[in-house]
Each structure stands twice: as structure tokens, then as C-alpha cells.
Amino acid sequence: MANNQNPWGSSNQTPPELDQVIKDFKNKFNAVFGGGSSGKSSSARGGIKYLIILAILVWLLSGIYIVDPAERGVVLRFGAFQEVTSQGPHWRLPYPIEQVYKVNVERIRAAEIGFRNIQNSSYGGNVSSESLMLTKDENMVDVNLAVQYKVADVKAYLFNVLMPELTLSHVVQSVIRQVVGDNTMDYVLTTGREQVAQDVKTGSQALLNLYQTGLLITAVTMQDAQPPIQVKAAFDDVVKAREDQQRYINEANAYANDILPKARGASQRILAEAQAYRSQVISKSDGESERFRLILGEYLKAPEVTRERLYRETLEEVLSKSNKVIIDSSTNALMYLPIDQLINSSRSTTSSTSRQSNYPSQSSQSFQSNSGTSILRSREVLR
Amino acid sequence: MKKINIILIVLIPIIFILVSSSLYTVNETQVAIKLRLGEIVSIELEPGLKFKTPFVNNVVFFDSRIQTLDSVPEAFLTVEKKNVIVDSYVKWRIMDVEQFYLSTGGSLASANLRLAQNNQDALRIEFSKRTINEVVSSQREEIMKNVKTKLEKIAESEYGIEIWDVRIKRIELAQEVRNSVYLRMETERNGLANKLRSEGSEEAEKIQAFAEKERTILLANAYSESEKIRGEGDAKSANNYAKAYSQDAEFYSFHRSLESYRKSIGYQGDILVLNPDSEFFRHFNPKN
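Residues numbered from 1 in each chain as written. Chains lettered and ligands numbered in written order. Predicted model: local features only at pLDDT ≥ 70, side-chain atom pairs only at ≥ 80, totals over all residues.

## A look at the overall build of chain B
As a reminder of what qualifies: Strands here mean DSSP runs of E at least two residues long; helices mean DSSP runs of H or I at least four residues long; both are numbered from the N terminus. Buried residues are those with 20 or more other C-beta atoms within 10 Å of their own C-beta, exposed residues have 12 or fewer, and partly exposed residues lie in between; C-beta atoms are placed from the backbone. We call two residues in contact if the C-beta atoms placed from their backbones are at most 7 Å apart.
The secondary structure content of chain B amounts to seven helices and ten strands. For chain B, with 288 residues in total, the buried portion stands at 30%. In chain B, of all internal contacts separated by at least 6 residues, the share reaching a separation of at least 24 is 67%.

## A look at the pairing of strand S7 (residues 74–77) of chain B
All names here are of chain B. Which entries qualify depends on this criterion: Following DSSP output, two strands are said to pair if at least two bridges run between them.
Note that S7 and strand S8 (residues 83–94) share four bridges and pair antiparallel. Pairing of Phe-76 across the sheet is with Val-84, part of S8. As consecutive antiparallel partners, S7 and S8 are separated by five residues, and within that stretch Lys-81 has a phi angle of approximately 60°, a positive value.

## Description of the nonpolar core
Basically, it comes down to this: Buried Ala, Val, Leu, Ile, Met, Phe, Trp, Tyr and Cys residues whose C-beta atoms connect them within 7 Å together make up a nonpolar core.
In terms of nonpolar packing, the biggest core is built from 74 residues, with A:Val141, A:Leu145, A:Val172, A:Ile176 and A:Val200 touching the most fellow members. Leave out the neighbours within four places in its chain, and A:Val141 touches A:Met133, A:Thr135, A:Val180, A:Met185, A:Val188, A:Leu189, A:Ala225, A:Gln226 and A:Pro227. Judged by nonpolar contacts, the second largest core, of seven residues, contains A:Ala234, A:Ala241, B:Met185 and B:Leu196.

## A short note on the confidence of the model for chain A
Residues and elements named next belong to chain A. The test is simple: For every residue, the predictor assigns a confidence score, pLDDT, that lies between 0 and 100.
Mean pLDDT over chain A works out to 77, with 71% of the residues at or above the 70 mark. Here helix H12 (residues 361–364) stands out as the element of chain A with the lowest mean pLDDT, 38, in contrast to helix H8 (residues 193–210), whose mean of 92 is the highest. Below pLDDT 50 for its whole length, residues 33–40 participates in four contacts with residues either more than four positions away or in separate chains. Counting interchain partners and residues more than four positions distant, the pLDDT-below-50 stretch residues 351–383 has 32 contacts.

## Overview of the interface of chain B and chain A
Definition in use: Think of it as three bins: nonpolar holds Ala, Val, Leu, Ile, Met, Phe, Trp, Tyr, Cys and Pro, charged holds Asp, Glu, Lys and Arg, and polar takes everything else, Gly as well.
Every contact between the two is made by 97 residues of chain B and, on the other side, 112 residues of chain A. Counting residues per element, the side of chain B that touches chain A draws most heavily on helix H6 (residues 175–245) of chain B, at 40 residues. Looking at the side of chain B that touches chain A residue by residue, the classes come out as 42 nonpolar, 25 polar and 30 charged. Of the pairings in the sheet, the one linking strand S10 (residues 323–326) of chain A to strand S10 (residues 271–274) of chain B comprises four bridges and is parallel in character. Bridge assignment links A:Asn323 to a residue of S10(B), and that residue is B:Ile271.

## What to know about the packing of helix H10 (residues 303–321) of chain A against helix H7 (residues 249–264) of chain B
Selection criterion: Every axis corresponds to a line fitted to the C-alpha atoms, with the helix fit spanning only the stretch in contact, and the corresponding angles, defined between N-to-C directions, vary from 0 to 180 degrees. For classification purposes, angles smaller than 35 degrees are called roughly parallel, those larger than 145 roughly antiparallel, those between 65 and 115 roughly perpendicular, and all remaining angles oblique. Take the far helix as your reference; a near helix turned counterclockwise from it by less than a right angle gives a left-handed crossing, and one turned clockwise gives a right-handed crossing.
Viewed as axis vectors pointing N to C, H10(A) and H7(B) meet at an angle of 10°, and their least axial separation amounts to 9 Å. By the angle between their axes, H10(A) is roughly parallel relative to H7(B). For H10(A) against H7(B), the interelement crossing comes out left-handed. Mapping the contact onto sequence places A:Arg307, A:Leu310, A:Tyr311, A:Thr314, A:Glu317 and A:Val318 in H10(A) and B:Phe254, B:Leu258, B:Tyr261 and B:Arg262 in H7(B). Of the residues belonging to the contact of H10(A) with H7(B), the class tally is six nonpolar, one polar and three charged.

## Here's the deal with unusual backbone geometry
Most of the time, phi is negative for any residue but glycine, and the peptide bond is trans. Of note, the phi angle at A:Met163 is positive, near 55°, even though the residue is not glycine. Position of A:Met163 relative to the elements: it lies in the loop between helix H5 (154–159) and helix H6 (164–181). By C-beta crowding, A:Met163 is classed as partly exposed, having 16 other C-beta atoms within 10 Å. Phi angles above zero are rare outside glycine, and B:Lys81 is one such case at about 60°.

Structural data, given as C-alpha cells:
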């Protein structure tokens, strides 16, 4: 190569052959560009020799190729498979003899069935025709699949099948329909999603192996599984109905949770009140009977006087507080007493609460009576 | 010398042309047939560099890879006379190059065309024997197998083609059938929605009724218990009273009456109509 960079710098160190070549080249150069002075034929021959050597060198160098870490190089000699080379620089016999194809074996490629994310118009068929499929129970579902794959066997990938990617697409389309056709709609749409994707993966891989495509499916994911757009509203309504169902139940539970503790509280209150009542009446009876016993003791000591005294005191107390009408029954004259008016006039001036202040309402009930009967009673008593 | 040069310059290209036209390569993806003036001399199955006699031999190449016949979707009638649209594909490769060359003239397109015809016929026969459900679900595999066997027989003997696989890509209902399917799906879903809502109501009703029952029971039990407790109280107090009062029943009656008067009579507003003949007025009226 040094002679290319500095062809005129001849020195003793240069090998004689190379020196000769340079000289020849110089002569040739002069012969061609140096005004057409006739050069020797031997130097012209040498020029051709040099050119041929150069051409051969360049030709040989064109056999150098570099394989990326993610790639494999496949070398063909006269069209026949020779070897697979991995990463790094390599040399092959140049063009007409050997050829090299480089294939990326690490890159995850993606195929989309039923939808298109990536611009990929290499195969036809509109999208809904890919995604709509029949289920076992003769319903239709709209399924979108994303398939990830890579090249596992470079040789098979290159030589076995015409258009391996198209084959993959066909295979997956066929298998997904078969799997969906073997299952019910509810299964595909809900619980079976994972399983369907898994079945598609294994089924598709089996076919790809059968066709020896050299492709390996790394993942199949169900992007979307939906009922067809025409019945989507009805399906959404079912989802809503399911929510409604839960809501009804929740509301009922809320109601139950509301009333039950309250009922428990209320029953505790009833019990507590009853216990209070029990204590109350027992205490009251204790007190009252004790009081009676004590009075009785004194009464027995002087019955007549005590009796008289008690009677007088009581009547005094009673009569001192109330309005009184004293009628001599010996006169047989009929009298008119405007009792209603008397009652009304006295009612309006007194507060009704005064009557109930003495005793708690429950026990005093038996003692309470309206004023009409009390009048009658008083008359009875006093007679 | 110059003459030699000129001769060389002329000769080299001629030699080159001769050599290059007597060599040919068969690629890894190809098989070839060598013809001598239209007559088959040899079949090259192995890839590599091959020789031929220039001008006398010519070579026809064939793609040896697996080919795909992607059929045009076509409508078939099922046994219940419903139209389904079927899309399938056939994977095939050239097995007998000579046979293939003779029958198709080496054209993949014409091979595809003939295969497609046979494929459609076989599928039509299979579909006409089955219901939609069988076609879609249970017997799909069987159909594909049958069509494959049928195609294999024809393709191998007539076209020198090896059938790798026949698969149904999609089975679709015709538009009018599809609409009725949609309608059915919709009604099915509506039914399901109603069922779910009613079940929700049922469950809710159940929960509410149960809660109310619990409440009633709780309260009733509490009431029963409370009545017992009150009864206990009443009994105890009655016992107390009885013990005390039975010591002197007559005095009790007197004492209790006085108590009653005090409590029931003599509040403000009461009006007492009194007879002066009563005991209380003994001294009030000196006549007595």
C-alpha cells in the first residue's frame, strides 16, 4: 500500500520487484499522459500486470464483511450453502464465487393480527376481516393479536419458505380462528384470554416448525378481545347490569348493617329499661313496706289517736288546696252548679304539670284520674 | 507485439463470455432442469456451480422453497344451506421438478391457479356435508385433513407438487346471516343483563328481609326478656307489700286510703262538693 501513497519515493530498501513495478508504472504513466512519446512495449505490459494485480487486490478485499453481534452471516458459494458466521469481521471469496446474507437473529419482530400499529402494507386484507371470528357457540368476537417472533434458524429462514413473515401471518390467523372456534365466546372474552393466547402460540409454533420457517414465536398477546361493534352496547349493558347487581346487594347490605345494630341497641335499651323498672318497683316496695311497718308500730301503741290524727291531717291537706263547695244534704232543694265553668276557669289558671310532679309517670299512672272522677270519688269518700 | 495485444484484447472477452455461459449456479432456494434443445437432460437438485454446453443447453430454474397459495375468499353452502365465506391457504413445494415443468411449464402462478381450483372444489364438497357449527368448531381439523389428502393425491400425480398443509384461515358468515347472529347475541345479552339485575334485586331483597327478620326477632326477644324482668320486679314488690301489709290489713286499708286521697284529690283546680254531715265536719256542724 505504501507504493500507492508515495510511488516516487524509491529507495534501496524497497524490494527489487516492487521497484520494478513502480518504474513500470512511472513509464506507463508517462506514456499515457506525458505527450505520447513512444514507451517500450515491455513497460506497457508491466503496466497491465500492475493493473491486474491491483484489481485482484481490490477484488479480494471486497470479500471482507463485518457481522454485527445481533446478526448471523450466511455464506453461499455459487449459491450453495457454505457456512454460518457469527459476530466480527470475516472474509469470504469475493462476489461471483461467494455471497453473504446477514440476518438479525436478536431483533424481536412483531406481527399484528386484526389491527395495524406499525405501517405494514406488505399483505392485504382489511383489518376487521382479520379480527372478526366465530366462536363455538356461533357468536362473533373481535380479537386483536400481537405476535412477537425472531429468527431462530437463519438457514431455514433464508432457504425453506418463500416469504416467511407472510407465512407467519397466515399461520397465526388460521390458528387463532381454530382456537376461538373451539371455545365459547364468554371464555374467549373473559377467563380464557391467557389460555387462548397460549394455545395460539403453541399451535402456531407447531405449524411454523412443520413448514421449517426457522421462525420462533416469543410471545403472543391478546391485545383486545371484544364483541363486535354492532352488539357492543348490549355487552356493555351486561357489564353495567353486573355492576347494578352488586350495587343492589351492597345497598341491601348497607341497609342491614344500618338496622341490625340499631335493633341490637334498641333491644339492649328495652332490657335496660326493664331492669330499671324491676329495681325501681322493688326499691319502692321496700321503702313503702318499711314505712308502713314503722307507722304500724307507732299506730299499735295508740291506735285511736293516731288514726284520728292521720285522718285529720290528710283531709286538711287535701281540702286546703282545692276549691270547695259545701252542700247541706238535708235541704232537698235542687241546686245548679256550673261545674264545667268552674273547672275551666280553674284549669286556665293552673299549670298542668303540677299534678305530675310527685311521682314518675309509670307508677303514677294508676293514681292519675281525670278531675271528673276524682270529684265523684271524693264525694264517695266523704260520705 | 501489438497484434498479439489486439488479439488478446479481443480473445479475452470471448473466452470470458464462453466460460460464463458454460457455467451456471443453482441457488440454495432453487432446483434446475438442464435442457438440450428443449429436451430434458438432467435435473439439478443440489445447489452450487454447474456446467453446461453454451448455446446447446439451457437451464430452467424453479423455486424450491415452500410456496403459499393464498386462496380468494369464497362463499360455500353448508348443509343447512347457509352461506359461509371461507378463506384458506395451501402450503406446497415442488417435489418432482420434471413433472412440475411438464404440467405447468414451470410457472408458479399457473400451479397456484390449478391448486386453487382443486382446493376450492374439495372445500366445497366438505362444507356441503357439514353444519356451520361443525365447520367452525368440532370438525375444522377434519375438513383440513380431508382436503389435504384430496389435494395431495391430485397434486403429486399431476403436478409433481408436494402438499405440506392445507389450512382454513377464516370462516365467516355471510352478511345477512351475520346480522341475525348479531340480533341473537343482542337478545341473549339483554336476557343476561335482566337476569343479573333481577338476581341482584333478589339477593338484595333477601338480605333486607333477613335483616328485618333479625331485627324483629331481636326486639321480640328483648321484649320477652324485659317482660320477665318486669314481672320479677312486680312479684318481688308484691311480696314485699304483702309481707308488710298483712301485719294489719285494716290499718293498711286506712293508711292506704289516706295516701290515695293525698295523691288524687286536693290539687289546685279540683272542686270538691262536700256534705257537712261527714266525719270531717263533725265539729263543724254542732248539730251532730
